[in-house]
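So the chains spell out like this:
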Amino acid sequence: MPELLEELFSYSFVNRAIIVGIFVSLCASFLGLPLVLRRYSMIGDGLSHVGFGTLAIAIPLGVSPLKVSIPLVMLAAFLLLRIRESSKMRGDAAIAIISCSSLAIGVIVMSVFSGMNTDIYNYMFGSILAIKQEEVYLCVAISVVIFALFVFFYNKLFFVIFDESYARASGTSIEFYNMLLALLTAVIIVIGMRIMGAMLISSLIIFPALTSMRLLKTFKSVIICSCILSVVCFMLGIVVSFACNFPTGPSIVMANLCAFLIFSLISLTSSS
């Protein structure tokens, strides 16, 4: 095992992926619990499909994928919430329409301009080889901003999630905090797609929160446990991926699934 880890950390692309992955995992775990409790879990999945479509558009244009994807996915998050709040269309139906359309556009664009090759597999399921040094700096800076915003609005988010009536009565804008969650989720999805892929990035947001909630009950304890689980499962996924030559994204998802099953088993054992 020590020799394996030494070899793993000797590759610069792995070190870049680990730096980005740890920051993304932490931010995703912050956002996961509010999204689950607000029943916005599927927004992450829908936005990941939008992210794939924007990546497919950016590549043939020769533009940095992050510079195109971040504003467009944030715009999609804004539209999804507006449709959910003001339209007769149900929120899940709006997510289905936008996500499927974005995925179809992405596949068509990539097939027309670059052909259906292995690149589409990397974008859909992730590749640690895709991360460049300048993207590391950008991802770390964005992650720090997201962390700062979460800490700054922590108390407001707590009241909005658990006592919406009180929050409204106190003059808190529920719509603003819903939008803030959606926009931050959009950013995390875009920067996390480089490792996890469009199809799997939402798991990084949802799994740690759901796993922690199997054993813990308080908001703060679930957040802390989610952060620890997210980073541990990410590192386990990276190691398993390297040792067994498995795809990175699916390996991280399987690590999260194993953690969820273990916590669920402990919960069932302790309650019986």
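Because the structure is a prediction, the values reported are computed rather than measured.

Quick look at the side chain of Ser143 now. Summarising the element assignment, Ser143 is placed in helix H7 (residues 133-152). Taking the relative accessible area as the measure of exposure, Ser143 reaches 2% and is therefore buried. Here the side chain of Ser143 touches Cys139 through a polar contact of 2.7 Å, landing on its backbone oxygen. In contact with Ser143, other than residues within four places in its own chain, are Phe23, Val24, Cys27 and Ile191.

The grouping of Leu37, Phe158, Phe159, Phe162 and Tyr166 at the surface amounts to a nonpolar patch, some 460 Å² of accessible area in total. Considering each element in turn, the nonpolar patch owes the most residues, three residues, to helix H8 (residues 154-162). For Tyr166, the position within the fold is in helix H9 (residues 164-169).

What follows covers helix H11 (residues 201-212). Burial of H11 is extensive: eleven of the twelve residues sit out of reach of the surface. Turning to H11, its buried residues are Ile201, Ser202, Ser203, Leu204, Ile205, Ile206, Phe207, Pro208, Ala209, Thr211 and Ser212.

Attention now goes to the packing of helix H2 (residues 12-37) against helix H10 (residues 174-196). Interaxial distance between H2 and H10 falls to 9 Å at its minimum, and their mutual angle equals 150°. Between H2 and H10, the angle is such that the two are roughly antiparallel. The crossing of H2 and H10 is left-handed. Contacts between H2 and H10 pair Ala17, Val20, Gly21, Val24, Cys27, Ala28, Leu31, Pro34 and Leu35 from the former with Leu181, Leu184, Thr185, Ile188, Ile191, Gly192 and Ile195 from the latter. Tallied by class, residues from the contact of H2 with H10 come to 13 nonpolar, three polar and no charged.

Moving on, we come to the packing of aromatic side chains. Under the criterion given, the structure shown has nine aromatic pairs. Pairing Phe153 with Phe176 gives two aromatic rings, centres 6.0 Å apart and planes at 65°, and the pair type is edge-to-face. In this pair, Phe153 is assigned in the loop between H7 and H8 and Phe176 in helix H10, connecting sequence segments 23 residues apart. Residue Phe153 is classed as buried on the basis of its relative accessible area, which comes to 15%. For Phe176, a relative accessible area of 41% gives the class partly exposed. Where Phe207 meets Phe260, the ring centres are 6.2 Å apart and the plane angle is 70°; that geometry is what we call edge-to-face. Remark: Phe260 occurs in helix H13 (residues 248-271) and Phe207 occurs in helix H11; sequence separation between them is 53 residues. In this structure an aromatic cluster arises from ring pairing among Phe30, Phe147, Phe150, Tyr154 and Phe219.

This paragraph deals with unusual backbone geometry. One non-glycine residue with positive phi stands out, namely Asn245, at about 60°. Tracing the chain through its elements places Asn245 in the loop between helix H12 (219-244) and H13.

With that settled, consider the confidence of the model for the protein chain. In the predicted model, the protein chain carries a mean pLDDT of 80, and 90% of its residues have values of at least 70. Of all the helices and strands in the protein chain, helix H6 (residues 118-125) carries the lowest mean pLDDT, 63, while H12 carries the highest, 89.

Turning our eyes to something else, we now look at H12. End to end, H12 covers 36 Å across 26 residues, agreeing with the expected 38 Å (1.5 Å per residue, within 8%). Count one or two residues on from H12 and you reach Asn245, which has phi positive near 60°.

Thresholds, definitions, all that
Residues numbered from 1 in each chain as written. Predicted model: local features only at pLDDT ≥ 70, side-chain atom pairs only at ≥ 80, totals over all residues. Heavy atoms only, no water. Helix = DSSP H or I, 4+ residues; strand = E, 2+ residues; numbered from the N terminus. Buried < 20%, exposed > 50% of the residue type's maximum accessible area, 1.4 Å probe, protein only. Polar contact = N/O pair within 3.5 Å; in protein donor to acceptor, adjacent residues only side chain to side chain. Contact = heavy atoms within 4.5 Å. Patch = residues over 30% accessible without salt bridge, like charges linked within 9 Å, V, L, I, M, F, W, Y side chains within 5 Å. Areas by Shrake-Rupley, 256 points an atom, 1.4 Å probe, with all protein chains shown as cover. Salt bridge = Lys/Arg side-chain N within 4 Å of Asp/Glu carboxyl O. Axes fitted to C-alpha atoms, helices over the stretch in contact; angles between N-to-C directions. Parallel < 35°, antiparallel > 145°, perpendicular 65-115°, else oblique. Left-handed = near helix turned anticlockwise from the far one by under 90°. Nonpolar A, V, L, I, M, F, W, Y, C, P; charged D, E, K, R; others polar. Phe/Tyr/Trp six-rings, centres within 6.5 Å; stacked < 30°, edge-to-face > 60°. pLDDT = per-residue confidence, 0-100. Expected span 1.5 Å × (residues − 1).

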